[in-house]
Amino acid sequence: MNNIGELFQSADWKAEKHVPVIDGPQEVKAGEVAQFEVTVGREIPHPNTTEHHIRWLEVFFLPRGAKFPFAVARFDFEAHGESVEGPNKGAAYAEPKVSFSLKLNQSGTLFASSYCNIHGLWQSSKEINVN
Ligand code: FE
């Protein structure tokens, strides 16, 4: 294997806790701000421990018919219970659930990607129609 795309796994999010789920409008008005949410582990929560957690999540937009995607949002989850007391004794756990706002002028596809420190790369997509 020599294609990074092949490293991204996909599955039914209702059965697989790693899939980033994109929530938001399917239809938006051109130039209007729309809000989207991406959640990893929406149906089955993903572990969030010092040893096993979601590290980051990134969102791309590919205009319909375009060749090159645009990176539109990126989130790093930095706290997973680390502490001087030891693993999982910390005060903070960043949860892999984010929202962001986006203004679109063309229809296309949103792609969400996420990374689990043990189970690798995952992705999903959502078609957006701009009217
Ligand atoms: Fe995992």
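Residue positions within a chain follow its written sequence, with the count starting from 1. Only residues with pLDDT of at least 70 get local features here, since the model is predicted, and only at 80 or more are side-chain atom pairs given and counted; chain-wide, interface and lining totals rely on the full set of residues. Computation of side-chain values: all heavy atoms of the structure, hydrogens and water removed.

Here we take up the nonpolar core. Ranked by size, the top nonpolar core spans 21 residues in total, and within it F36, V38, L57, V59, F100, L104 and L110 carry the most contacts. Strands are runs of DSSP state E lasting at least two residues, helices are runs of H or I lasting at least four, and both sets are numbered from the N terminus onward. Those elements giving two or more residues to this core turn out to be β4 (33–40), β5 (54–63), β7 (97–103), β8 (108–116) and β9 (120–130). It only takes one pair of heavy atoms within 4.5 Å for two residues to be counted as in contact. If we skip the residues at most four places from it in the chain, L104 touches V28, K29, A30, G31, E32, F61, I128 and V130. By convention a nonpolar core is built from buried Ala, Val, Leu, Ile, Met, Phe, Trp, Tyr and Cys residues, the set being connected through side-chain atoms within 4.5 Å. Here the term buried applies to any residue with accessible area under 20% of the maximum for its type, exposed to any over 50%, and partly exposed to those in between, with areas from a 1.4 Å probe on protein chains only.

This part takes up unusual backbone geometry. Glycine aside, negative phi is the norm for most residues, and most peptide bonds take the trans geometry. Positive phi, normally seen in glycine, also occurs at N88, with a value near 65 degrees. With respect to the helices, strands and loops of the structure, N88 is situated in the loop between β6 (70–76) and β7. Since its relative accessible area comes to 31%, N88 is described here as partly exposed.

Turning our attention to a nonpolar patch on the surface. Like charges within 9 Å and nonpolar side chains (Val, Leu, Ile, Met, Phe, Trp, Tyr) within 5 Å are joined into patches, using only residues over 30% in relative accessible area that form no salt bridge. Per-residue and other accessible areas follow the Shrake-Rupley method at a 1.4 Å probe size, with only the shown protein chains counted as cover for residues. Throughout this description, the term salt bridge denotes a Lys or Arg side-chain nitrogen within 4 Å of a carboxyl oxygen of Asp or Glu. Together, M1, I4 and L7 make up an exposed nonpolar region whose accessible area comes to about 360 Å². For I4, the position within the fold is in the segment before β1 (8–9).

Remember that the coordinates give geometry; whether it matters functionally is a separate question.
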